[in-house]
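These are the residues of each chain, in order.
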Amino acid sequence: MHLSARPQRRGRRRARLRKGLATAATLTLGSALLAACSEASATPTLNWYINPDGVDTLTALAAECSTDDYNIEVQLLPSSATDQRTQLARRLAAEDSSTDLMSLDPVFVPEFANAGWLVEVPEEVASELADGGDVLAGPLDTVTWEDKIYAIPQWANTQVLWYRKSLAEAAGLDMTQPVTWEQIIDAAADNNGTVGVQANRYEGYTVWLNAMILGAGGDVVSDTEAGKDASVDIDSEAGRKAAEIVEKLVDSPAAQSDLTVANEGTVLGQMFPPDPEAPGGAGEFMVNWTFVYKNYEPNPDANDFTEEQFSDLGWARYPRTVEDTPSAPPLGGIDIGVGAYSEHPEFAMEAAQCVTTAEAQTQLAVTDGLMPSRASAYDAPELTEAYPADLLDLFQTSVDEGGPRPKSAYYSLISSAIQARWHSPMSVDPESTPEESAKYLKDVLEGKALL
Amino acid sequence: MTTSYVATAGEDTSTPSGKPPTSDRSRAEARLGQKLVAPAIILMLLVTAFPMLRAIYLSTFNYSLTAPDDREFIGLNNYITALTDPLFWQTTGITVLYMVVTVAVELVIGFGFAMVMHRIIFARGVIRTSILIPYGIITVVSGFAWQFAFSYQNGFVNDWLPFIDSTFNWFGETTPAVIAIMVSEIWKTTPFMSLLLLAGLAQVSEDMIEAAKVDGATWWQRLWKVILPNMRAAIMVAVLFRALDAYRIFDNIFVMTAGAQKTESISFLTYRQTIEQFQLGIGSALSVLLFISVVLIAFLIVKLFRVDLAQARQEG
C-alpha cells in the first residue's frame, strides 16, 4: 500500500508542476507579447551605428536627442574602418530596416550613396549645409556625391605634423615655416630621432600615400564619377615623388624598426622614448590625427606623461611633398547618414541634424579630441579653453584645406589595389612602383585582375 | 490490398536484365517512400541548389554591389580572369599545402589517439574527454589562443622553443606564419580525425587480431596486415572529411594573419572579393571554382582509396 501510493503522489505532484509551469510560461509569453505590442505601438527606437570613438559622449548625445516621438539607441561597430564598412554594407544590402542612423567614414559616403543605401538629405537641410553654411569646405565635400548631399558631417579629423620641439631645435629646423618630408627625414636621421608614419598594409597607408601624392599636385585617380572608367593618374611625377619619399625614409636611420606594420597607435610610443641615448631616443616627427594632443596631455588616470614632456610637444602643418606646393593634410572624420530602408527616415534625419549641431560637435572635441566640422564650433569658449589657440587654428586650416581620398563608388578597390602594390614600403621603387600600381589598379577596376 | 510476390523453389525469379522482378508491394512502398522524401528533397533543392545556381548566374557578370548600375554581362570572362591570375594559383597552392600537411599529420597523430582511446583501460572517460576537448572549442577562439601563443610580445612559444629567438615574429614572414596556422588547425581538428578512426578501429574483429597473434605476427605486422587494411573505409572517410574541411580553411587565417604574408587560402580570397570588396561577379566565379575543386578532391580521394562507398556503408 505504502509502496504503491508513492508513485501516485509523485504523479500528482508532477502533474501539478507541469500545470504550474505551463501557466507561468503562458503568462510570461503573454506579457512579453503584450509588452512588445505596446512598445511597437508606442515610441519607435532609432538604431544609430557608431564607431568606437567617443562612445560615452555619443551615448549621452543619443539620449539628449531622443524625443517624445522616438528614442535613439547606439549600437557599436567594430574598430577597424574596413570591418565597419563590411558590417554596415551587409545590413544595407539585406535591406535592413533597423539601420536608421550610421556614423560613416567619409570615404564610404560615395560608395553607399551610389548603391542606393543612403537617404538623400532633404533640400532645405542640404541648402543650409551647402550654401554659405557653417560646415567647413573639406567635410562638406565628403558628403557630396553627384551634386547631391547624402550625409551630415559630425566631426572632422585631420592629420598634422606632431614633433619634439627639442629634436627640431637640435636639427635647426624653423618650424614656423612649412617643412618638407625630406627635411624632417634628414633632421631626424642626423639627430638620433625617427619619423613616424602609418605604413602597415591597411587604410592608414593609403591615407599617407594619397596625402603625399596630392601634396605634389597630383592625384591617385580622377574623374571618379565615371566609376570603373575613372582615370588612373598614379603613374605620374607626383606618384614618383611620393615613392621617392617612401624610399628615402626606408633607407634612412630615421625609419622606425616596425615601419612595415606601423599604425596610428604604434607610432605614439616613439615620441618620448625612455632612453635618449638608444637609437631613435631623441623622439620623433610624426604624422597623425588630432587625438594625439589629448593622448599626451598629462592625466594621472590615463597616462604617465609629465608636464615637461608635454611642453616639448610641438605641432605644425602636414609636411610638404615638394618645396613650393602647399601640403594637402589628410581628411577623416565621421558623417552621419540615414539608412535607405529605415522605417522612420524623417525621424532619423531629424536625429541626424540633432547629433551634428555645433554644440554637439564642441562637446565631442572637448571631451574626446574629435574636431568639429562646423566653423562656429571652433570659436566655442569650451574649445578655446581646452586647446591652444594656434593648435585650433591649425586644425581648422588643415580641415578646410585638406585633401580628400578619392571619392568613388569603387574606393575600397582603389585603396586595396594601392596597398597591394605599394606594400611593403621596403619594395617601393620610384622607377617601377607608380607604373606597376597604375596598371594593376586599372586591371582591378576593369575586373581583369584579382585583388 | 497489395499482395506480396513469393518465389517458389525452382522458379526463375530473375528478369532478362538479371534483376529480380519488382513486386506490387515493393513498387507501392517505393512510391510511398518517394512521397515521404519529396518535401525534404524540395527543401534541399531550395537551400542548396538555388544558391549554387544563383552563384553560377552571378559569375557571368561584372557586378559590384555598390555600383548596381554598372552591372554588365561578360560570359565566362570572370573564370578566365581568375584562372589566368597568378594570385589565384598562389592561393590555390598554399591551400593545397595546408590540406596535405595538416591531413597527413592529423592522420598519424589521430590514429595514435584512436589507439589510446580504444585500448585504454584506466580513466577511460577522462582520457577520451581530454583528447576530444580541442574539437569542442570554436575555431575562432582557438585561432586567437594560438595567435597569442605565437606572439613574440606575450606568447609562450618562443620561450618554450630553445632554438627560437625570443623576439622572433612568427607572423612577419610566409613560412613561419603558415606553420603557426597549421599548428592551430592540427591542434583543433586532430580529435575529429581520431574520433572517426576510433569508430573504424572498433569495427576491426578482435578474432582476426587474436588469430594473427596466434600465428606469431608481431605488433607491427598486426597493425599493417590486419588492422589498417580492415580500417580502409574508415580511414578513407576520415581523410575525405578532413581534406575537404582543410581545403576550405578560413577561420584560422582570418584571425591569425588576415591573409597577410601570402597566407591567404582560396576561401579567404573568395571572401575578400565577395564580402570585403562586394565584387559579386568574380567572387561568385571563385566560389564556383572552389566548389569544383572540392568535388574533384572528393573524387580523387575516393579513387585513391579504391573503396566502394556502398560497401563502406555496408549496403553491398
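Residues numbered from 1 in each chain as written. Chains lettered and ligands numbered in written order. Predicted model: local features only at pLDDT ≥ 70, side-chain atom pairs only at ≥ 80, totals over all residues. Heavy atoms only, no water.

Chemist: Help me get a handle on the overall build of chain B, residues and values and all.
Modeler: Scanning chain B from terminus to terminus reveals 14 helices and two strands. Taken over C-alpha atoms, the radius of gyration comes to 26 Å for chain B, far larger than the 20 Å a tight globule of 316 residues would show. Oriented by its inertia axes, the alpha-carbon framework of chain B measures out at about 80 × 65 × 30 Å. In chain B, buried positions account for 41% of the 316 residues. Relative to all contacts within chain B whose residues are 6 or more apart in sequence, the contacts with residues 24 or more apart total 65%. Here chain B has roughly 18,200 Å² of accessible surface; of this, 67% comes from carbon and sulfur atoms. (Helix = DSSP H or I, 4+ residues; strand = E, 2+ residues; numbered from the N terminus. Rg over C-alpha atoms; globule rule 2.2 N^0.38 Å. Buried < 20%, exposed > 50% of the residue type's maximum accessible area, 1.4 Å probe, protein only. Contact = heavy atoms within 4.5 Å. Areas by Shrake-Rupley, 256 points an atom, 1.4 Å probe, with all protein chains shown as cover.)

Chemist: Pulling in residues and values, what's your account of helix α17 (residues 411-422) of chain A?
Modeler: Relative to the 16 Å expected for 12 residues at 1.5 Å per residue, α17(A) spans 16 Å between its end C-alpha atoms, a close match to the ideal helical length. Within α17(A), 11 of the 12 residues are buried, which leaves it mostly tucked inside the rest of the structure. (Expected span 1.5 Å × (residues − 1).)

Chemist: For the pattern of salt bridges, give the residues involved together with the corresponding values.
Modeler: Summed over all chains, the structure comprises 26 salt bridges over all chains. Note that Asp235(A) and Arg240(A) form a salt bridge whose closest N and O atoms lie 3.2 Å from each other. By relative accessible area, which is 37% here, Asp235(A) ends up partly exposed. The residue Arg25(B) makes a salt bridge to Glu29(B) at a minimum N-O spacing of 3.3 Å. (Salt bridge = Lys/Arg side-chain N within 4 Å of Asp/Glu carboxyl O.)

Chemist: Describe a negative patch on the surface, with residues and values.
Modeler: There is a patch of like negative charges on the surface, built from Glu146(A), Asp147(A), Asp223(A), Glu225(A), Asp229(A), Asp69(B) and Asp70(B). With respect to the secondary-structure elements, Glu146(A) resides in the loop between β4 (144-145) and β5 (148-149). (Patch = residues over 30% accessible without salt bridge, like charges linked within 9 Å, V, L, I, M, F, W, Y side chains within 5 Å. Lys, Arg positive; Asp, Glu negative; His and termini not counted. Charge placed at Lys NZ, Arg CZ, Asp CG, Glu CD.)

Chemist: Go over the pairing of strand β1 (residues 45-50) of chain A, please, and point to the residues and values.
Modeler: All names here are of chain A. Summarising burial for β1: five of the six residues are buried, a large majority. The pairing of β1 with strand β2 (residues 71-76) spans six bridges and is classified as parallel. Paired with asparagine 47 across the strands is glutamate 73, a residue of β2. Following the backbone out of β1, through helix α2 (residues 55-65) and into the adjacent parallel β2, one traces a crossover that is right-handed. As defined by bridge partners, β1 adjoins strand β3 (residues 101-104) across two bridges and the pair is classed as parallel. Of the residues in β3, the one forming a bridge with tryptophan 48 is leucine 101. (Pairing = 2+ DSSP bridges. Right-handed = clockwise from strand over helix to strand, strands pointing away.)

Chemist: So, the interface of chain A and chain B: which residues are in play, and what are the values?
Modeler: Taken together, the 23 residues of chain A in the interface contact 23 residues of chain B. Counting each side, the surface lost to burial between chain A and chain B is near 1,800 Å², with a carbon and sulfur contribution of 54%. When the buried area of chain A at its contact with chain B is split by residue, Lys228(A), Leu450(A) and Leu451(A) rank highest and sum to 35% of it. Between the two partners, chain A and chain B, sit one salt bridge. In this structure, Glu72(B) engages Lys228(A) in a salt bridge whose closest nitrogen and oxygen atoms are separated by 3.9 Å. Across the contact surface, chain A and chain B share 13 residue pairs in polar contact (both at pLDDT 80 or more). Looking at the side of chain A that touches chain B, the elements that each hand over two or more residues are α3 (81-93), α4 (108-114) and α17 of chain A. Broken down by element, the side of chain A that touches chain B gets its largest block of residues, six residues, from α3(A). When the residues that make up the side of chain A that touches chain B are grouped by side-chain class, the tally is 10 nonpolar, seven polar and six charged. (Buried area = accessible area lost by both parts, 1.4 Å probe. Polar contact = N/O pair within 3.5 Å; in protein donor to acceptor, adjacent residues only side chain to side chain. Nonpolar A, V, L, I, M, F, W, Y, C, P; charged D, E, K, R; others polar.)

Chemist: Quick one: what's the story with the sheet that holds β3(A), residue by residue and with numbers?
Modeler: Residue and element names in this part refer to chain A. Spatially, the five strands line up as an open sheet ordered β2-β1-β3-β13-β6, and their pairing is mixed. Where the open sheet ends on each side, the last strands, each with one partner, are β2 and β6 (152-158). Here the strands of the sheet are splayed against their neighbours by 15° on average, with no regard to which way each runs. Lying on the sheet, α3 is in contact with β1 and β3; it crosses β3 at an angle near 145°. (Axes fitted to C-alpha atoms, helices over the stretch in contact; angles between N-to-C directions.)

Chemist: Give me the lowdown on helix α16 (residues 389-401) of chain A, citing residues and values where you can.
Modeler: All names here are of chain A. Compared with the 18 Å implied by 1.5 Å per residue over 13 residues, the 18 Å span of α16 between its first and last C-alpha is a close match. Those residues of α16 that fall on the buried side of the exposure criterion are Leu391, Leu392, Leu394, Phe395, Ser398 and Val399. The arc enclosing the buried residues of α16, seen along the axis, measures out at 160°, which places them on a common side. (Arc of directions from axis to C-beta.)

Chemist: Give a detailed account of the packing of helix α5 (residues 139-150) of chain B against helix α7 (residues 174-203) of chain B, specifying residues and quantitative values.
Modeler: All names here are of chain B. Where α5 meets α7, the axes come as close as 10 Å, and the angle between the chain directions of the two elements is 135°. The angle between the axes of α5 and α7 places the two elements in the oblique class. Every pair of crossing elements has a handedness; the one defined by α5 and α7 is right-handed. Counting all contacts with α5, which are made through Thr139, Ser142, Gly143, Trp146 and Phe150, the residues of α7 involved are Ala180, Val183, Ser184, Trp187 and Lys188. Of the residues in the contact of α5 with α7, the class split is five nonpolar, four polar and one charged. (Parallel < 35°, antiparallel > 145°, perpendicular 65-115°, else oblique. Left-handed = near helix turned anticlockwise from the far one by under 90°.)

Chemist: Which residues make up the sheet that holds strand β8 (residues 194-196) of chain A, and what values go with them?
Modeler: Residues and elements named next belong to chain A. Strand order in the open sheet formed by four strands is β8-β11-β7-β12, with mixed pairing between adjacent strands. For this open sheet the edge positions go to β8 and β12 (313-316), each flanked by a neighbour on one side alone. Averaged over all pairs of adjacent strands, the angle between their axes in this sheet comes to 20°, without regard to strand direction. Pairing geometry for strand β7 (residues 160-164) and strand β11 (residues 284-288), over four bridges, is antiparallel. Within the sheet, the bridge partner assigned to leucine 161 lies in β11 and is valine 287. Contacts between α16 and the sheet are confined to β7 and β12, with β7 contributing the most and set at about 145° to the helix.

Chemist: Talk me through the side chain of Gln419(A); I want residue IDs and the actual numbers.
Modeler: All names here are of chain A. Along the chain, the position of glutamine 419 falls in helix α17. For glutamine 419, a relative accessible area of 9% corresponds to the buried category. Reaching out from glutamine 419, the side chain makes a polar contact with the side chain of serine 415 at a distance of 2.9 Å. Apart from residues lying up to four places away in sequence, glutamine 419 is in contact with Arg201, Tyr202, Glu203 and Thr206.

Chemist: For the confidence of the model for chain B, give the residues involved together with the corresponding values.
Modeler: All names here are of chain B. Confidence in the prediction of chain B, expressed as mean pLDDT, is 88, and 90% of residues score 70 or more. Between residues 1-14, whose pLDDT stays under 50, and residues either more than four places distant or in other chains, the model counts 15 contacts. Both scores are available for the predicted complex, with the pTM at 0.79 and the ipTM at 0.72. (pLDDT = per-residue confidence, 0-100.)

Chemist: Lay out the state of the cysteines in plain terms, naming residues and giving numbers.
Modeler: All names here are of chain A. All chains considered together, the criterion is met by one disulfide over all chains. Sulfur-sulfur distance for the disulfide between cysteine 65 and cysteine 354 comes to 2.0 Å. Its S-S torsion of about -80° marks the bond between cysteine 65 and cysteine 354 as left-handed, since a negative value means left-handed. Taken together, the positions of cysteine 65 in helix α2 and cysteine 354 in helix α13 (residues 345-354) put the pair 289 residues apart, joining distant regions of the chain. By relative accessible area, cysteine 65 is classed as buried at 3%. Accessibility expressed as a relative area gives 28% for cysteine 354, which makes it partly exposed. (Disulfide = S-S within 2.5 Å.)

Chemist: I'd like a rundown of unusual backbone geometry, residues and numbers included.
Modeler: Here the residue pair His423(A) and Ser424(A) is connected by a cis peptide bond, since its omega of 5° sits within 30 degrees of zero. Summarising the element assignment, Ser424(A) is placed in the loop between α17 and α18 (433-445). With a phi close to 55°, Glu95(A) is a non-glycine residue in the positive phi region. Within the secondary structure, Glu95(A) sits in the loop between α3 and β3. Take Glu95(A): its relative accessible area is 51%, and that puts it in the exposed class. The phi angle at Ala123(B) is positive, at roughly 45°, despite the residue not being glycine.

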